[in-house]
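# Observations on the three-dimensional arrangement
So the chains spell out like this:
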Amino acid sequence: MTVDAHPIADLPNPADYGFTVIERQELPADLLTLVDRVRELVDAVAHTEADPAELAAASRTVSELTERLGARRRPVGAMTRQDWEGGRVDYNTLANAVSGVTNPVAPLRNLRVEDGGLRAETTLNGAYEGPPGLVHGGWVAALLDQVLGETSAVFGRMGLTANLTVDYRRPTPLNTPLTVVSRITGVERRKVFVSGEIRCAGEITAEGSAIMVRVAIPEV
Ligand SMILES: CCCCCCCCCC(=O)SCCNC(=O)CCNC(=O)[C@H](O)C(C)(C)COP(=O)(O)OP(=O)(O)OC[C@H]1O[C@@H](n2cnc3c(N)ncnc32)[C@H](O)[C@@H]1OP(=O)(O)O
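Residues numbered from 1 in each chain as written. Predicted model: local features only at pLDDT ≥ 70, side-chain atom pairs only at ≥ 80, totals over all residues.

Going by this rule: UniProt positions are given in the numbering used here, feature names are shortened, and annotations may be inferred rather than shown by experiment.
If you check an unreviewed UniProt entry, the protein appears there as Acyl-coenzyme A thioesterase THEM4 from Thermobifida halotolerans. UniProt lists a comment for the protein under the heading Sequence similarities (unreviewed entry), and it reads "Belongs to the THEM4/THEM5 thioesterase family."

Given below as structure tokens:
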């Protein structure tokens, strides 16, 4: 198998195509802290038994916050550069639903290069519930889709998911540490074949494989 890992000099910078690119160090630490607090808030709201007066007060507070924070918005599609071990570089949207650093619902935070692929640990709270106490299957697929896509981007070339297959081997529990890993298994013309799995306490709960098709960056 040959993976044509691209040298940094060849990597297109989305800024050259009209995308907003924000350096990680420009993101205020307070924003990243707020992201964590809001993720906890979503879980708290999903499960609260607070009385109606408290709920009404919370709604007013949240509405006020939404107005304040929404007054200055980044454009949809804003990206940030990711620097990976070994000098590899790629770009991801800040608000990516699964791994965007500023998106409170994004549960994949600490992807890193390991054993020739990517690896991350995560724990999904009650906001990701499907069956009682278990992670929703759509979120299981989303975790795999993202890690497979990022693996293609980091080791092959950025592409879109053309095909994703998920085998759900065991229930994936909420509020329990999970490990997500992935690797490239082949490259054929524009197609990058990737596979990965989610493990809980060492056991595979879901396996995924995907074909990512490399695409040119469209100008915006
Ligand atoms: C750095 C940031 C990290 C980014 C990570 C992103 C992770 C998130 C991943 C996503 O969520 S992506 C969003 C979901 N996916 C999409 O919206 C893709 C929608 N589909 C398309 O845009 C097009 O169908 C696609 C770009 C995938 C392919 O269209 P093209 O017209 O460019 O390709 P073409 O039809 O010429 O096929 C190119 C090759 O791919 C193959 N192919 C295309 N669709 C396929 C398919 N569905 N299954 C298997 N193979 C497929 C096709 O057979 C061919 O193989 P060969 O080279 O062997 O001839």
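### As for the overall build of the protein
The criterion, for reference: Segments assigned H or I by DSSP are reported as helices when at least four residues long, segments assigned E as strands when at least two residues long, and all are numbered from the N terminus. Only C-alpha atoms enter the radius of gyration, while the globule expectation follows 2.2 Å times N to the 0.38, with N the number of residues.
Within the protein one finds three helices and nine strands. Ordered by position from N to C terminus, the α and β elements of the protein give β-α-α-β-β-β-β-α-β-β-β-β. Taken against the 2.2 N^0.38 rule, which gives 17 Å for 220 residues, the C-alpha radius of gyration of the protein at 19 Å falls within 12% of a compact globule. Dimensions along the principal axes, computed over C-alpha positions, put the protein at roughly 60 × 40 × 25 Å.

### Considering the sheet that holds strand β2 (residues 79-83)
Note the cut-off: For two strands to be treated as a pair, DSSP must find at least two bridges joining them.
Strand order in this open sheet of three strands is β1-β2-β3, and the pairing throughout is mixed. What marks the edges here is a single partner per strand, and that holds for β1 (21-22) and β3 (89-93). Of the pairings in the sheet, the one linking β1 to β2 comprises two bridges and is parallel in character. The partner of I22 across the bridge, within β2, is T80.

### Side note on the site of the ligand
Rules: Near, as applied to residues and a molecule or strand, means the residue's backbone-placed C-beta atom lies within 6 Å of it.
Taken together, the neighbourhood of the ligand is formed by 20 residues, with G149, A153, L160, A162 and N163 sitting nearest. Counting residues per element, the ones that place at least two in the shell around the ligand are β3, α3 (137-155), β6 (159-168) and β9 (203-214). In terms of residues, the shell around the ligand owes the most to one element, α3, which gives five residues.

### Quick look at α3
Selection rule: Any helix carries an expected span of 1.5 Å times its number of residues minus one. Counting other C-beta atoms within 10 Å of a residue's own tells you its class, since 20 or more makes it buried, 12 or fewer makes it exposed, and anything in between is partly exposed; those C-beta atoms are placed from the backbone.
For α3, built from 19 residues, the straight-helix expectation of 27 Å at 1.5 Å per residue is met to within 8% by its first-to-last C-alpha distance of 27 Å. Within α3, 15 of the 19 residues are buried, which leaves it mostly tucked inside the rest of the structure.

### Details of the confidence of the model for the protein
As a note on interpretation, predicted positions should not be read in detail where pLDDT is low. Counted only if it meets this: pLDDT is a per-residue confidence score from the predictor, ranging from 0 to 100. Think of it this way: build a C-beta for each residue from its backbone, and any pair within 7 Å is a contact.
On average, residues of the protein carry a pLDDT of 92, and 95% of them reach 70 or more. Scored below 50 in pLDDT, residues 1-9 shows 13 contacts in the model against residues more than four places distant or in partner chains. Confidence estimates for the predicted assembly give a pTM of 0.93 and an ipTM of 0.96.

### Here we look at the sheet that holds strand β4 (residues 112-114)
Note the threshold: To get an axis, fit a line to the C-alpha atoms, keeping to the stretch in contact for a helix; angles then go from 0 to 180 degrees between the N-to-C directions.
What the six strands build is an open sheet, ordered β4-β5-β7-β8-β9-β6; its pairing is antiparallel. Of all the strands in the sheet, the pair left with one neighbour each is β4 and β6. Taking the axes of each pair of neighbouring strands and ignoring which way they run, one obtains an average angle of 25° across the sheet. In terms of strand pairing, β6 meets β9 through nine bridges, oriented antiparallel. Within β9, the residue paired with G159 across the bridge is R214.

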